Amino acid sequence: MQALADKVWANPAFHAAASRLQRAWLAQDIGVTQDDRPDLEEVVHIVQASAILACSKVPAHREQAYRSMTSAFDLYGASELPLDQAARVVLARLVNFPAMATRPSIRDALANLPASLITEEFVVSDRRTVSHRGQPTVLTDYQFKLWRRLVSGKRVAVSAPTSAGKSFVLKSFITKRLEEPDPLTVVYIVPTRALIAQVSADIRKVLNDDSGVSGGVEVITVPIESKQFLPGRAVYVLTQERLRMMLSAHPAFYAHLIVVDEAHSISDGARGVLLQWTVEDLLKRLPTVQLLFASPIIRNLDVFGRIFDLADIDTLPGGDPTVAQNFLVATFNDAEVGDLTLRYVESPFVQTNFGNVALGHRSVTRVEKLVNLAIHFGRDASNIVYANGAGDAETIALAISGRLNRQPTPRRQALAKLVADTVHWSYALVTCVKQGVAFHYSNMPTQIRTAVEDAVSQGDIDYLVCTTTLLQGVNLPAKNLFLCRPKKGDSEPLESVDFWNLAGRAGRLMKEFQGNIFLIDYDNWRRKPLEQPRDATVVPAIEAGILRRNADLLRVVERPESQRTEIDHVDAVFSHLLYEYFSGSLSRMLKRIPIFGDTTPGSLALQKAIAEAAVDITLPASVLRISPNISPHRQQALYRRLHSHAEISHEAAKALVPKHPSDREAYQSYADILEICHKVIEGRPDDSRLHRFLAFIALSWMRGTPLPQIIQNQLRRSTDPDRRRVIRNTLEIVEKRVRYQCVRLFSCYGAILAEVLQNVGLPDIAKSLPSIPLFLELGASDKTTLSLMSHNLSRATATRLTPHAPSRDLNPEEAVKWLRRAPVENYRLPALLLEEILELRGDKPVEKSDDDAF
């Protein structure tokens, strides 16, 4: 069959006919006139060729078979030719069984096939059938390879396109492991809080639907305090920062299975260093732990085995995508009236004219072009519009919603009310969602991002304007994707790997066979991603810090008092290297770094600098590692500062202890702590008053003050007339200043203060410090609120429920027991908050996502 497929592929007539067919399908799909359409006789030949190419081992052959067959079916249906049966045969040979559910007639065509083809499909499907939820489930070839490796207990590093179905296999495997009654701890590491919500919800759905799972299994998304017991059977879905808190609070905590989702984020600066460090910690606690590293398409999957010094990691690259993407370049001929030419991208270097389109609207600016194309080509479809930042996303979303004249549906009204009650009534999203438009960026509250994602999945939102947050694993595919001179950050053009990762969001499995990507003004893009590789080489952040920022690293190691504007990444690398030195494994670690090694002049100079720096560091390694992204020199300086004060008297030492947020003196306590940390750790000038402002915001946040109230206070104080910008800035203060920088500083302060108190003879106080970093991370400090949030309720919901609870001191078991009988319908909660509670209580059926069917 391979020889026959090669012969078909070498025939120019096939490619010409297939190109005409693809263009005809695309013209119909986007509403452009095309006269050149294959006749039925030609379609028969194309379908026959597709059936042959589907048996090939060459990815390009298989992709063409998929495109041609699905285009033929969508264009001609099954009225004149049995194209539903032919499509089923081709999809079966491609082992793309999920795509059969895209069209009912293909899904139901098996009974009409000849016996020989039915037998062929059964043979193919039987070889790739596994038991899932007690039912046989047919996997794609890639999924089956991954499944076999996982069930055999292997450690695996996988890389595949967005739609290859990794998540389905992974969640199915987790539930299979949980079918046994034995204790089991799964740690699922995700790079963002947004993914915590999505992954934990997906796992809960699988567990709720799976009657074969033995015993109670908890899905935990917030760190458990040191005083609480750990459940015997649990799935922890955490970012590396939350996992660091767990590891610090519970020295005996370990995992049987670790999943590192979006594992390429190990290259992401200080957070990448922290990710590597947390995985190393878990490996030390249970060296036999099973590991899975999952990423989009990267070329050096062996990097994970190398950096963790593991020789038994299987690599599984590739995997056919289950949907296809089409690229269309839009070039404006007359921007003033919106006339443009479309070109179809047949290959990275070949673009053919596809047709002219008159938008009828001025399209001079980038925003105008994105808005006009999205509205013209995106009607009656799901659409993603890429924006260059949060402000840009709001502007585009408001412009699209302003052009639509829709009567808000009850679901859209409910979402608008949730946004108004959870963020602020004047937040731009309130206006947008009423018209079925939303935006999505990193500083939005997790609950609102999750609500937007749910609305997109359910079809209530059909225009989503997103930033780079969509590159971080959030599963939100759409029919169409629109890009115009895309950037990542303030000025840098989107990297080719990020572009291809984003492009993989075009096309929704089991809703359409192909997705469309509109590249606007592509000729003026600073980078041409179509001509660049789809995969990337991952360079771990630790190695990047050593190889690419060696001069900065040496300066930080050798001159601790030097002023720096960017500290996190280099400090994190220094912390890790010093820990390896104290552990006696620095040379071995450096030896694993290609080119650098442990005996090169640069390596020897670095090792010498680390050894000299270690002389001045008296803090135990166990303390330093609690704050891995803060320079050990700065931590040592903070220790000296606190120790000199604590030596005066026990009363002076006790005065250093942070107050609980409920304490009347909490504000001054936090202002004093932040002032010390800003001066000693961040090197801020003495006249800086940032610590007082952050102490006020942090205290409000920890006390559970509603976000709308925090925003309203900022609107009153600000002299900026742009309310949108003030709201965005406030969200950024909460997400980046409070929930990241303040968490980082209070965590370091607490760890070093505990060491100080231990050394001055106050060990009991050292063991009872309030969990300020956890309170900052979650935005709550009442025990009842924290207990409700531990059951995956949002902050907004938990803080609204707490005043109704019989006590503010309920533990997680007591809180959920109360919630199950509480008359929540009488609490006047927004509809979507009430749904959140009812879903937790099991009073409402959990809707299945597309991924469940996959």
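Residues numbered from 1 in each chain as written. Predicted model: local features only at pLDDT ≥ 70, side-chain atom pairs only at ≥ 80, totals over all residues. Heavy atoms only, no water.

## A look at the environment of arginine 403
This is how it is decided: Helix and strand definitions here come from DSSP, where helices need a minimum of 4 consecutive H or I residues and strands a minimum of 2 consecutive E residues; each element is numbered from the N-terminal end. Contact definition: two residues touch when any of their heavy atoms are within 4.5 Å. In protein, a polar contact means a hydrogen-donor-capable atom and an acceptor-capable atom, both N or O and within 3.5 Å, with residues adjacent in sequence counting only if both atoms are side-chain atoms; elsewhere, any N or O pair within 3.5 Å suffices.
Mapped onto the elements of the fold, arginine 403 is located in helix α15 (residues 390-403). Along the primary structure arginine 403 and isoleucine 375 are separated by 28 residues, whereas in three dimensions their C-alpha atoms are 8.3 Å apart. Excluding residues that lie within four positions of it along the chain, arginine 403 makes contacts with His361, Val371, Asn372 and Ile375. Looking at arginine 403, its side chain comes within polar contact range of the side chain of histidine 361, at 3.2 Å.

## Focus: the side chain of arginine 795
One can find arginine 795 in helix α35 (residues 795-801). A polar atom in the side chain of arginine 795 sits 2.8 Å from the backbone oxygen of threonine 705.

## What to know about the confidence of the model for the chain
Cut-off, in case you're wondering: For every residue, the predictor assigns a confidence score, pLDDT, that lies between 0 and 100.
Chain-level pLDDT for the chain is 91 on average; 97% of the residues reach the 70-or-more range. Overall, residues 845-854 carries pLDDT values under 50, and its contacts beyond four positions in sequence, including any with other chains, amount to 28 contacts.

## Regarding the pattern of salt bridges
Working definition: two side chains of opposite charge can pair if their charged atoms are close together. Short version of the rule: Every case where a carboxyl oxygen of Asp or Glu lies within 4 Å of a side-chain nitrogen of Lys or Arg is listed as a salt bridge. Exposure is judged per residue with a 1.4 Å probe applied to protein chains only, and the accessible area is read against the type maximum: over 50% gives exposed, under 20% gives buried, and values in between give partly exposed.
The full count for this structure, using the stated rule, is 52 salt bridges. Put simply, arginine 366 and aspartate 392 hold a salt bridge, and the shortest N to O gap is 2.7 Å. Remark: aspartate 392 occurs in helix α15 and arginine 366 occurs in helix α14 (residues 366-378); sequence separation between them is 26 residues. For the pair arginine 366 and aspartate 392, one class covers both residues: buried.

## With respect to helix α24 (residues 601-616)
The line we're drawing: To estimate how far a helix should extend, the number of its residues minus one is multiplied by 1.5 Å. The arc in question is formed by the directions pointing from the helix axis toward the C-beta atoms.
The end-to-end C-alpha distance of α24, which contains 16 residues, comes to 24 Å, matching closely the 22 Å that a straight helix rising 1.5 Å per residue would cover. Burial in α24 covers these residues: Ser603, Leu606, Gln607, Ala609, Ile610, Ala613 and Ala614. Around the axis of α24, the buried residues are gathered within 165° of arc, so they sit on the same side. Seen from the open side of α24, the exposed residues pointing more than 90 degrees away from its buried face are Pro601, Lys608 and Val615. In this structure, the buried side of α24 is in contact with α20 (541-547), α21 (550-558), α22 (568-582), α23 (586-591) and α26 (632-646).

## Digging into helix α36 (residues 812-821)
Every buried residue belonging to α36 is among Pro812, Ala815, Val816, Trp818 and Leu819, and all of these are buried. End-on, the buried residues of α36 take up no more than an arc of 160°, which puts them together on one face. Relative to its buried face, α36 has exposed residues pointing more than 90 degrees away, namely Glu813, Lys817 and Arg821. Packed against the buried residues of α36 are α34 (783-790), α35 and α37 (831-841).

## Some words on the sheet that holds strand β9 (residues 313-316)
Note the cut-off: At least two DSSP bridges between two strands are required for those strands to pair. Only the contacting stretch of a helix is used when fitting its axis, a line to C-alpha atoms as for every element, and angles between N-to-C directions run 0 to 180 degrees.
Pairing within the open sheet is parallel, and its 7 strands lie in the order β5-β6-β4-β7-β8-β3-β9. In this open sheet, the two edge strands, each paired with only one partner strand, are β5 (218-220) and β9. Strand-to-strand twist in this sheet, taken as the mean axis angle between neighbours without regard to direction, amounts to 15°. The sheet contact formed by β5 and strand β6 (residues 233-238) spans 3 bridges and is parallel. When the bridges of β6 are listed, glutamate 218 appears paired with alanine 234.

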